[in-house]
Amino acid sequence: MSGPLSGIRIIEFSQIIAAPFAGSMLSDMGAEVIKIEPPTGDPWRYALEIIPGVPGYGRSFFALNRGKKGITLDLKNPKTQIVIRKLVEDSDVMIINSRPDVPKKLKLDYESIKSYNSKIIYCSNTAFGRSGPDSHRPGYDLIAQAISGLMSSENKTINGVPQPIQSSAVADFTTGLGMAWSICAALFHREKTGLGQKIETTLLGSALSLQNGKFFESNTFDNEIRAEFKENLNDMKEKGSSYMDIQEEYQKMNYKTAHNHYYRTYQVKNGIIAVGCLSEPLRKKMADTLGITDIRFDEGYDQYSDEALKSNEKLVKIFEAHMNKKTVSDWLNIFDKAGVPSGEVKFVEELTDNPQVIENDLVKELEHPVLGNIKMVGPLVKMSETPLSIHLPAPELGEHSNEVLKKLGFDDDLISEVT
């Protein structure tokens, strides 16, 4: 059996995270993905070195570009257009991430590419979109988190300055998922109609989609309070108010209870436990398991009342003291029997040999001539009839240039000139 995209060829003009992640997922599905880099390489090759002092072996690069063939092309060389045309004619999908003005300058825009292959699926990602006052700006995950409200929503500050979600480039990775998802849909549409198409994704759209509940607005119930907040916010910015003061103003707009004892992390005897009770029956199970009386289960309870806020405040130390009496394994066993969702807080570095991860086929191993045996996250989905697989490590810079370009009919002289 082969992957669901076996026989599909994708050319990928990409760098950093979003588009490379999309390409790697499509490769897992069996597509032949040809990553095109400048002669100097994707900048991500040189970040987070696996081998200290040896450039070109970036940890994230090798994770995000598995399963691909790699070629280099000097896109500023006019002769490269001959190669691009042949690649496009021979491919099903093209992926590119850049500022909106770059593709046209390099003759990699949709209209140029479509003239070579009218059935091509062309997926283009930008930071903020192709129109509007910010469209000309370059942008990365950090900037997308900032302008989308994602950063301020986290309410994490250092010295009063808001901080990004740093554990993962959430806008980038969400965009990669969106790119891969839409490419598969476009391929299905082409199968039915014979038509190619252009796909546009943005980091801004991805960051907003992660906040769809907060973005949602009801004309009936939200307009007045949001309008007041915006007016006050503008006044505070003009006065140069601190971010902490602005956050305080923001909190007035959001109903909140003082604490949520049922959806948080707790220090226990030998580690940290997370509990996640998102329904009233689950919350009741946790309270009963700990032997704690909580007025939220009384008839007529109002979570926004002063009584509720005061009660929650008192319960903080009670919950924390109870949780600190037992070990991680004790609580996991107790909560399992009670039906309370829980889990130990771990570091990702612990998980390459974790039984739960291994049993679900989420660790894949490959041999690399320089790095030796390497482990990486397995495909994020399973398919019974068309299983996914990782068949190649990330390519060395220009590793497959000769192989790919000679198959297209180019001679050594041209290959050496354009790569």
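First, a word on what this report is: a plain description of the structure on this page.

Re the overall build of the protein chain
So, step 1. Scanning the protein chain from terminus to terminus reveals 18 helices and 13 strands.
So, step 2. With respect to the three principal axes, the spread of C-alpha positions in the protein chain is 80 × 55 × 50 Å.
So, step 3. Among the 419 residues that make up the protein chain, the fraction classed as buried is 42%.
So, step 4. The long-range share in the protein chain, meaning contacts at least 24 apart out of those at least 6 apart in sequence, stands at 67%.
So, step 5. For the protein chain, the accessible area works out to roughly 23100 Å², and carbon and sulfur atoms hold 53% of it.

Some thoughts on the pattern of salt bridges
So, step 1. Going through the model one piece at a time under the given rule, you end up with 26 salt bridges.
So, step 2. Of the charged contacts, one joins Asp-28 and Arg-66 as a salt bridge, the two residues approaching to 2.6 Å between their closest N and O atoms. Residue Asp-28 is found in helix H1 (residues 18–28), and its partner Arg-66 is found in the loop between helix H2 (59–64) and strand E3 (68–72); the two are separated by 38 residues along the sequence. Taken individually, Asp-28 and Arg-66 each receive the classification buried, so the pair is uniform in this respect.
So, step 3. The salt bridge involving Arg-85 is made with Glu-89; its shortest N-O contact spans 3.2 Å. One end of the pair, Arg-85, and the other, Glu-89, are both in helix H3 (residues 80–89), four residues apart, so they sit about a helical turn from each other.

A look at helix H14 (residues 306–323)
So, step 1. Compared with the 26 Å implied by 1.5 Å per residue over 18 residues, the 26 Å span of H14 between its first and last C-alpha is a close match.
So, step 2. Along its length, H14 reaches its greatest deviation from straightness, about 30°, at Leu-315.
So, step 3. Along H14, the positions that sit buried rather than exposed are Ala-308, Ser-311, Asn-312, Leu-315, Val-316, Phe-319 and Met-323.
So, step 4. In this fold, the buried residues of H14 make contact with strand E9 (263–268), strand E10 (271–276), helix H13 (280–290) and helix H15 (328–338).

Looking at the environment of Leu-332
So, step 1. As for its position among the elements, Leu-332 is in helix H15.
So, step 2. Distance from Leu-332 to Gly-343, taken between C-alpha atoms, is 6.9 Å for residues eleven residues apart in sequence.
So, step 3. Leu-332 has contacts with Ile-273, Ser-342, Gly-343 and Glu-344, leaving out every residue within four places of it along the chain.

Comments concerning the packing of H1 against helix H8 (residues 170–193)
So, step 1. Between H1 and H8, whose axes approach to 7 Å, the crossing angle comes to 45°. Classified by the interaxial angle, the pair formed by H1 and H8 is oblique. Here H1 and H8 pass one another in a crossing that is right-handed. Residues Ala-18, Ala-19, Phe-21, Ala-22, Met-25 and Leu-26 of H1 touch H8, and the partners they reach there are Asp-172, Phe-173, Thr-175, Gly-176, Leu-177, Met-179, Ala-180, Ile-183 and Cys-184.

Side note on the nonpolar core
So, step 1. Judged by nonpolar contacts, the single largest core of 26 residues is most densely connected at Ile-10, Val-93, Ile-95 and Ile-183.
So, step 2. Counting only elements with at least two residues in this core, the list comes to H1, strand E4 (93–97), strand E5 (121–126) and H8.
So, step 3. Setting aside residues no more than four positions away along its own chain, Ile-10 makes contact with Leu-26, Ala-31, Glu-32, Val-33, Ile-34, Val-93 and Ile-95.
So, step 4. Ile-11, Leu-73, Tyr-110 and Val-418 belong to the second-largest nonpolar core, a separate cluster that totals 25 residues.

Structural notes on the packing of aromatic side chains
So, step 1. Applying the stated criterion across every chain, the model contains eight aromatic pairs.
So, step 2. Ring pairs connect the aromatic residues Tyr-57, Phe-61 and Phe-62, which therefore count as one cluster.
So, step 3. A cation over an aromatic ring shows up here: Arg-264 above the ring of Tyr-266, its NZ or CZ 3.9 Å from the ring centre.
So, step 4. A cation sits over an aromatic face here: Lys-284 above Phe-297, 5.8 Å from the ring centre.

Some remarks on the sheet that holds E10
So, step 1. With respect to topology, three strands assemble into an open sheet ordered E9-E10-E11, the strand pairing being antiparallel. Since the sheet does not close on itself, it has two edges, and those belong to E9 and strand E11 (342–344), each with one partner. Each strand of the sheet is rotated relative to its neighbour by a mean of 25°, with strand direction disregarded.
So, step 2. One ladder, built from six bridges, connects E9 with E10; its direction is antiparallel.

Examining a nonpolar patch on the surface
So, step 1. Judged by side-chain polarity, Tyr-140, Leu-142, Ile-143 and Ile-147 come together as a nonpolar surface patch covering roughly 380 Å² of accessible area.
So, step 2. Mapping Ile-147 onto the fold places it in helix H6 (residues 141–148).
So, step 3. What makes Ile-147 partly exposed here is its relative accessible area of 42%.

Reading the values: rules and limits
Residues numbered from 1 in each chain as written. Predicted model: local features only at pLDDT ≥ 70, side-chain atom pairs only at ≥ 80, totals over all residues. Heavy atoms only, no water. Helix = DSSP H or I, 4+ residues; strand = E, 2+ residues; numbered from the N terminus. Buried < 20%, exposed > 50% of the residue type's maximum accessible area, 1.4 Å probe, protein only. Contact = heavy atoms within 4.5 Å. Areas by Shrake-Rupley, 256 points an atom, 1.4 Å probe, with all protein chains shown as cover. Salt bridge = Lys/Arg side-chain N within 4 Å of Asp/Glu carboxyl O. Expected span 1.5 Å × (residues − 1). Bend = angle between axes of the 7 residues up to and from the residue. Axes fitted to C-alpha atoms, helices over the stretch in contact; angles between N-to-C directions. Parallel < 35°, antiparallel > 145°, perpendicular 65-115°, else oblique. Left-handed = near helix turned anticlockwise from the far one by under 90°. Core = buried A, V, L, I, M, F, W, Y, C linked by side-chain atoms within 4.5 Å. Phe/Tyr/Trp six-rings, centres within 6.5 Å; stacked < 30°, edge-to-face > 60°. Lys NZ or Arg CZ within 6 Å of the ring centre and 35° of its normal. Pairing = 2+ DSSP bridges. Patch = residues over 30% accessible without salt bridge, like charges linked within 9 Å, V, L, I, M, F, W, Y side chains within 5 Å.

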